[in-house]
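Report on the structure
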There are 2 protein chains.
Amino acid sequence: MTWVYEHYRDATAIGFHTTQRLHHEVSPFQTIDVHQTIGNGKLLTLDGMVMVTELDEFVYHEALVHAPMCLHPDPKRILVVGGGDGGTVREVLRHDSVESIELCEIDERVTLVCEEHFPTVASEIRNPKVRCRFEDAIAFVATCESEYDVIMVDGSEPVGPAEGLFERAFFESLKRALRPGGVLSAQAESPLYAPEVVSKTFGGMREVFQHVHAYTATCPTYPGGLWTFCLASEDRALEQMRPQALAGLPTRYFNPQSLRASFMLPTFVAELTR
Amino acid sequence: MTWVYEHYRDATAIGFHTTQRLHHEVSPFQTIDVHQTIGNGKLLTLDGMVMVTELDEFVYHEALVHAPMCLHPDPKRILVVGGGDGGTVREVLRHDSVESIELCEIDERVTLVCEEHFPTVASEIRNPKVRCRFEDAIAFVATCESEYDVIMVDGSEPVGPAEGLFERAFFESLKRALRPGGVLSAQAESPLYAPEVVSKTFGGMREVFQHVHAYTATCPTYPGGLWTFCLASEDRALEQMRPQALAGLPTRYFNPQSLRASFMLPTFVAELTR
């Protein structure tokens with residue numbers, strides 16, 4: 001038994017008591033590890049960064065997915081950027097309106113490893129509504145025009161392969177890829193430990209989209225817990241959100257009230273994302 | 001330079017990159033350490049458990065204090081149980097109605113160490129409205145009858161000296177110590193990593209008080225981040241909350257909206273605290 005740590009920005013660390021390393025490989029893009037932990041179920045890390053634990057992955061995936069899916073009144077065509085573990089796809093498919101999902105993940109090995117080790121996360125990867133494209137999302141999105149009702153940017157932090165996902169040029173591509181009335185969500189890092197990333201992300205989004213809203217969720221195994229998400233649209237304002245679209249879904253984090261609450265920001269987060 | 005970790009319930013850990021240990025002592029009650037960290041300012045641990053970092057202590061202290069202070073319409077006489085670092089007292093004194101605060105902390109050494117190393121946290125410990133009692137709070141509260149408008153239970157987790165603070169017998173004492181219309185708040189641990197403590201605390205509180213409400217705040221340096229708090233009263237319901245009492249206060253976490261949002265619980269926390 002040993003402890004596995006993610007050391008974040010040389011300041012803070014999060015650790016997991018593990019009993020076994022179940023998988024280790026160096027893919028063409030990153031190092032992929034799976035550990036069995038004592039208190040958090042299985043743990044997936046990419047280049048040593050915590051991506052998924054079975055205990056708390058529901059928080060991140062529900063937050064990234066259900067906010068945009070409740071803002072769009074009839075989301076049919078969906079794009080997931082990154083998200084190779086499959087958790088985002090699983091949550092998207094809880095909405096009956098969905099007709100097709102494209103998953104654009106740069107590293108096919110992540111998806112294959114998750115199908116083997118995280119069956120409850122990758123459970124819907126082979127659903128006939130899902131098409132997996134294992135390619136660079138930045139290049140792919142640049143070819144799309146008015147294709148999607150909802151896009152979710154489910155990337156890792158802005159080092160390594162995910163760096164370009166936080167650039168304004170990519171936000172412009174995303175805007176072109178959305179159909180009229182389309183909605184975008186993106187994970188936007190820790191307001192406490194990466195305030196300059198949060199601030200730059202929202203600054204860039206506001207230059208590109210008419211309506212940009214910050215919301216938070218507490219992802220317990222991400223550094224600092226409190227995590228920022230961005231909801232953006234050219235033509236849908238937050239007032240159009242329909243939290244009642246959550247009714248009947250088997251969610252464990254979001255309910256109509258807690259979805260609304262996620263947009264009522266702590267003062268220091270509001271100041272950072274203004 | 002070295003990393004200091006709190007290992008929590010043998011499952012998860014939180015770590016801090018430190019440059020120097022500024023203080024170490026074994027008091028009659030516990031081991032007290034102060035470290036200089038790289039990303040979190042100074043760090044106070046008691047028996048190795050993270051109590052305060054300068055970076056994020058505002059979250060915990062604002063959450064514990066301003067919820068009950070906004071529920072009571074005119075809080076004059078205040079009791080703080082534990083809270084030897086002084087952060088709770090500092091937040092209480094932001095409310096002009098306050099006439100007196102008793103701080104009942106078992107370990108005087110905690111307060112003296114914080115006055116030396118955490119001047120921005122312990123800043124109001126010598127305020128003339130504050131009286132420090134360095135004694136066992138459980139014995140002290142048992143002697144009080146109809147004394148306080150607001151009581152805050154600012155204890156560490158239920159191991160060591162703070163264990164009795166989570167027992168039903170203590171909740172009965174707290175109820176007797178409150179004046180009519182009085183309000184109580186208490187930190188109630190991690191819903192993810194200590195669900196049985198959360199559940200037992202709320203069960204006990206509901207047996208003793210008429211109105212019991214759970215709320216959460218994300219305390220980034222506590223394990224899992226998401227933290228549960230309990231607000232209890234014999235005769236004040238949540239509908240009587242006056243979030244506008246925060247207006248003009250120099251808070252960084254709570255504002256009228258985010259105070260309301262803290263009671264709109266994620267589904268899994270609502271189920272645990274029901």
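Residues numbered from 1 in each chain as written. Chains lettered and ligands numbered in written order. Predicted model: local features only at pLDDT ≥ 70, side-chain atom pairs only at ≥ 80, totals over all residues. Heavy atoms only, no water.

**Here's the deal with the overall build of chain A**
Across its full length, chain A holds 8 helices and 12 strands. Projected onto its principal axes, the C-alpha coordinates of chain A cover approximately 50 × 45 × 35 Å. Looking at chain A as a whole, 64% of its 274 residues are labelled buried. Within chain A, contacts between residues at least 6 apart in sequence are counted, and of these 67% link residues at least 24 apart. Only carbon and sulfur atoms are counted for the fraction: they give 48% of the accessible area of chain A, which is about 9700 Å². (Helix = DSSP H or I, 4+ residues; strand = E, 2+ residues; numbered from the N terminus. Buried < 20%, exposed > 50% of the residue type's maximum accessible area, 1.4 Å probe, protein only. Contact = heavy atoms within 4.5 Å. Areas by Shrake-Rupley, 256 points an atom, 1.4 Å probe, with all protein chains shown as cover.)

**Looking at the sheet that holds strand β12 (residues 226-233) of chain B**
Residues and elements named next belong to chain B. Taken together, the 7 strands give an open sheet; going across it, the order is β8-β7-β6-β9-β10-β12-β11, and neighbouring strands pair in mixed fashion. Both outer strands of the open sheet, β8 (130-133) and β11 (211-218), are each paired with one neighbouring strand and no more. Adjacent strand axes in the sheet meet at a mean angle of 15°, parallel and antiparallel pairs treated alike. By the bridge criterion, 5 bridges tie strand β6 (residues 77-82) to strand β7 (residues 100-104) in an arrangement that is parallel. Paired with I78 across the two strands is I101, which belongs to β7. (Pairing = 2+ DSSP bridges. Axes fitted to C-alpha atoms, helices over the stretch in contact; angles between N-to-C directions.)

**Quick word on the packing of aromatic side chains**
Throughout the structure, instances matching the rule amount to 19 aromatic pairs over all chains. Aromatic pair Y8 of chain B and Y193 of chain B: ring centres 6.4 Å apart, planes at 80°, arrangement edge-to-face. Of this pair, Y8 of chain B sits in strand β1 (residues 2-8) while Y193 of chain B is found in the loop between β10 (178-187) and α6 (195-208), placing the two residues 185 residues apart along the sequence. No difference in accessibility class separates Y8 of chain B from Y193 of chain B, as the two residues are buried. Ring-pair connections join several aromatic residues into one group, and the members of that group are Y60, Y215, Y222, W227, F229 and F263 of chain A. One Lys or Arg, R252 of chain A, reaches over the ring of F58 of chain A and ends 4.0 Å from the middle of that ring. (Phe/Tyr/Trp six-rings, centres within 6.5 Å; stacked < 30°, edge-to-face > 60°. Lys NZ or Arg CZ within 6 Å of the ring centre and 35° of its normal.)

**Some points on the pairing of β7 of chain B**
Residues and elements named next belong to chain B. The buried count for β7 comes to 4 of 5 residues, which makes it a mostly enclosed element. Crossover β6 to β7 through helix α2 (residues 87-92) is right-handed. In this fold, β7 hands off to helix α3 (residues 108-117), which returns the chain to β8; that crossover is right-handed. (Right-handed = clockwise from strand over helix to strand, strands pointing away.)

**What about the relation of the copies chain B and chain A?**
The two copies are related by a screw operation: chain B maps onto chain A through 180° of rotation and 0.0 Å of translation along the axis, at an RMSD of 0.0 Å. Read as a symmetry element, the transformation amounts to a two-fold axis. A share of 100% of interface residues in chain B that are also interface residues in chain A marks the association as one of identical surfaces. (Least-squares fit on C-alpha atoms with pLDDT ≥ 70 in both.)

**Some points on the interface of chain B and chain A**
Across the contact, 38 residues belong to chain B and 38 residues belong to chain A. Carbon and sulfur atoms make up 59% of the surface buried where chain B meets chain A, a total of about 3200 Å² over both sides. Counting every contact that joins chain B to chain A gives 0 salt bridges. Run the count over chain B and chain A and you get 23 residue pairs in polar contact (both at pLDDT 80 or more). The set of elements that each furnish at least two residues to the side of chain B that touches chain A consists of β1, β2 (12-26), α7 (256-261) and α8 (267-273) of chain B. As paired strands, strand β2 (residues 12-26) of chain A and β2 of chain B are joined by 5 bridges and run antiparallel to one another. Within β2 of chain B, the residue paired with T12 of chain A across the bridge is F16 of chain B. (Buried area = accessible area lost by both parts, 1.4 Å probe. Salt bridge = Lys/Arg side-chain N within 4 Å of Asp/Glu carboxyl O. Polar contact = N/O pair within 3.5 Å; in protein donor to acceptor, adjacent residues only side chain to side chain.)

**Details of the side chain of R236 of chain B**
Residues and elements named next belong to chain B. Tracing the backbone shows R236 in the loop between β12 and α7. Look at R236: it is buried, it has no salt bridge, and the nearest opposite charge is D235 at 5.2 Å. At 2.7 Å, the side chain of R236 and the backbone oxygen of G181 are in polar contact. Residue contacts for R236: discarding those within four places in its chain leaves L71, H72, P73, G181, V183 and H211. (Lys, Arg positive; Asp, Glu negative; His and termini not counted.)

**Points about the layout of surface pockets**
Computed from the structure, the largest pocket encloses a volume of approximately 170 Å³. Lining the largest pocket are L238, E239, M241, P243, L259, R260, F263 and M264 of chain A together with Q257 of chain B. Residue composition of the lining of the largest pocket, by class: 6 nonpolar, 1 polar and 2 charged. (1 Å grid on protein atoms, 1.4 Å probe; cavity = no way out; pocket = protein on both sides within 12 Å on 5 of 7 lines; lining within 4 Å. Points joined across faces, edges and corners; volume = space filled by probe spheres on them. Nonpolar A, V, L, I, M, F, W, Y, C, P; charged D, E, K, R; others polar.)

**Here's the deal with unusual backbone geometry**
Negative phi is the rule for most residues except glycine; trans is the rule for most peptide bonds. One non-glycine residue, R9 of chain A, lies in the positive phi region at around 50°. Relative to the helices and strands, R9 of chain A resides in the loop between β1 (2-8) and β2. The phi dihedral of D10 of chain B falls on the positive side, at around 60°, and the residue is not glycine. In this fold, D10 of chain B is placed in the loop between β1 and β2. Judged by its relative accessible area of 43%, D10 of chain B falls in the partly exposed class.

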